Amino acid sequence: DDLIRPPVEGYATPYPELNAMTRGLRKGELTLFTAGSGIGKSTLVNEIGYNLMMEDGLTLGVIALEENRKRTAERYAGIYLNKPLHIDREGITEEQLKEAYENVLASGRFWLYDHFGSTDIDVLMSKIRYMAVALGVDFLILDHISIVVSGLDEEADSERKLIDKLM
């Protein structure tokens, strides 16, 4: 029966070529974005998360371990306002910031884990489960895995093996 059942249709990203390759993103699947440092992975992944929340009405959980909650809030409000708020707020009124806050951050579909830096894997997994079960998060962004792996206390294992354990 499982073989006969058609594949689940994925949720489109704002990137047509990515959609052509992946047929969208599906709940319950793990998607990893890898590239060199400073290339824009966080920007790309958060644009996709924003799209899932705003276009598809899904609930998004964000665990951004290399930025504080203010920077993450600026990132999502900035996507809404089409302005990098952490760099420049020229032309943005307080009313526009409030509108972005209400429509994105206070929408009831956005959950942010307030933590910075590496964390114990069991604590992290507990937070992920809580977001999924108690908060009803449809998609979760974990940015980024290398910080999680760097916090694991298993010096004898290779980074590859640590990533396998995390997965």
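Remember, predicted model here, so these are calculated numbers, not experimental data.

Visitor: Looking at this model, I keep getting lost on the pattern of salt bridges. Mind explaining?
Guide: Close approach of charged atoms allows side chains of opposite charge to pair. Counted by the stated rule, this structure contains 8 salt bridges. For Glu67, the salt bridge is made with Arg75, and the minimal N-O distance between the two is 2.8 Å. On the accessibility criterion, Glu67 (11% relative accessible area) is buried. Overall, the relative accessible area of 12% leaves Arg75 in the buried class. Across the salt bridge formed by Glu74 and Arg89, the nearest N and O atoms sit 2.7 Å from each other. Within this pair, whereas Glu74 is found in helix H3 (residues 69–81), its partner Arg89 is found in the loop between H3 and helix H4 (94–105), the two being separated by 15 residues in sequence. Overlapping salt bridges, with partners in common, bring together Lys70, Glu74 and Arg89 in one network.

Visitor: What should I look at first to understand helix H5 (residues 121–133) in this one?
Guide: Residue pairs spaced three or four apart in an α-helix point in one direction, given the helix's 3.6 residues per turn. When the terminal C-alpha atoms of H5 are compared, their 18 Å separation across 13 residues agrees well with the 18 Å that a helix rising 1.5 Å per residue should span. Buried residues of H5: Ile121, Leu124 and Met131, and no others. Seen along its axis, H5 keeps its buried residues to an arc of 90°; they face one direction. Across H5 from its buried face, at more than 90 degrees, point the exposed residues Asp122, Arg129 and Val133.

Visitor: Whenever I open this one, the confidence of the model for the chain confuses me. Can you help?
Guide: Detailed conclusions should not be drawn from predicted coordinates in areas where pLDDT is low. Mean pLDDT for the chain: 88, with 87% of residues reaching 70 or above. The least confident element of the chain is helix H6 (residues 145–150), whose mean pLDDT is 63; the most confident is H4, at 97.

Visitor: Hey, could you run me through the nonpolar core in this one?
Guide: For soluble globular proteins, nonpolar side chains are generally found buried alongside one another. Membership of the largest hydrophobic core comes to 18 residues, with the highest contact counts inside it found for Leu52, Leu60, Val62, Tyr76, Val104, Phe110 and Phe139. Sorting the residues of this core by element identifies helix H2 (41–56), strand E1 (60–64), H3, H4 and strand E3 (139–143) as the ones contributing at least two each. Those residues in contact with Phe110 that sit more than four places away from it in its chain are Met53, Leu60, Val62, Thr72, Tyr76, Val104 and Leu105. Leu65, Ile121, Met131 and Val137 belong to the second-largest nonpolar core, a separate cluster that totals 7 residues.

Visitor: Is there a simple way to explain the packing of H3 against H4 in this structure?
Guide: Each pair of packed helices can be described by the angle between their axes along with the distance between the axes. Remark: H3 packs on H4, axes separated minimally by 9 Å, with the N-to-C direction vectors making an angle of 105°. Here H3 is positioned roughly perpendicular relative to H4, judged by the angle of their axes. Contacts between H3 and H4 involve Ala73, Tyr76, Ala77, Tyr80 and Leu81 from the former and Gln96, Leu97, Glu99, Ala100, Asn103, Val104 and Leu105 from the latter. Split into classes, the residues belonging to the contact of H3 with H4 amount to 9 nonpolar, 2 polar and 1 charged.

Basis of the calculations
- Sequence order sets the numbering: in each chain, residues are counted from 1 along the sequence as written.
- With the structure being a predicted model, the display of local features is reserved for residues of pLDDT at least 70 and the display and counting of side-chain atom pairs for 80 or more, all residues being used for whole-chain, interface and lining totals.
- Working from all heavy atoms in the structure, the side-chain values ignore hydrogens and water.
- One side-chain nitrogen of Lys or Arg within 4 Å of one carboxyl oxygen of Asp or Glu is enough to make a salt bridge.
- Burial classes: relative accessible area under 20% of the type maximum marks a residue as buried, over 50% as exposed, and values in between as partly exposed (1.4 Å probe, protein chains only).
- Helical segments are the DSSP runs of H or I of at least four residues, strand segments are the runs of E of at least two, and each set is numbered from the N terminus.
- Helix span is expected to be 1.5 Å times the residue number reduced by one.
- This arc corresponds to the set of directions leading from the helix axis out to the C-beta atoms.
- For every residue, the predictor reports its confidence as pLDDT, a number between 0 and 100.
- Think of a nonpolar core as a cluster: buried Ala, Val, Leu, Ile, Met, Phe, Trp, Tyr and Cys residues, connected wherever their side-chain atoms sit within 4.5 Å.
- Contact between two residues is taken to exist if any of their heavy atoms lie within 4.5 Å; hydrogens are not considered.
- Fitted lines through C-alpha atoms give the axes, limited to the stretch in contact for helices. The angle between two N-to-C directions lies from 0 to 180 degrees.
- In what follows, roughly perpendicular refers to angles from 65 to 115 degrees, roughly parallel to angles under 35, roughly antiparallel to angles over 145, and oblique to any angle outside these ranges.
- Here the nonpolar group is Ala, Val, Leu, Ile, Met, Phe, Trp, Tyr, Cys and Pro; Asp, Glu, Lys and Arg are the charged ones; every other residue, Gly included, is treated as polar.

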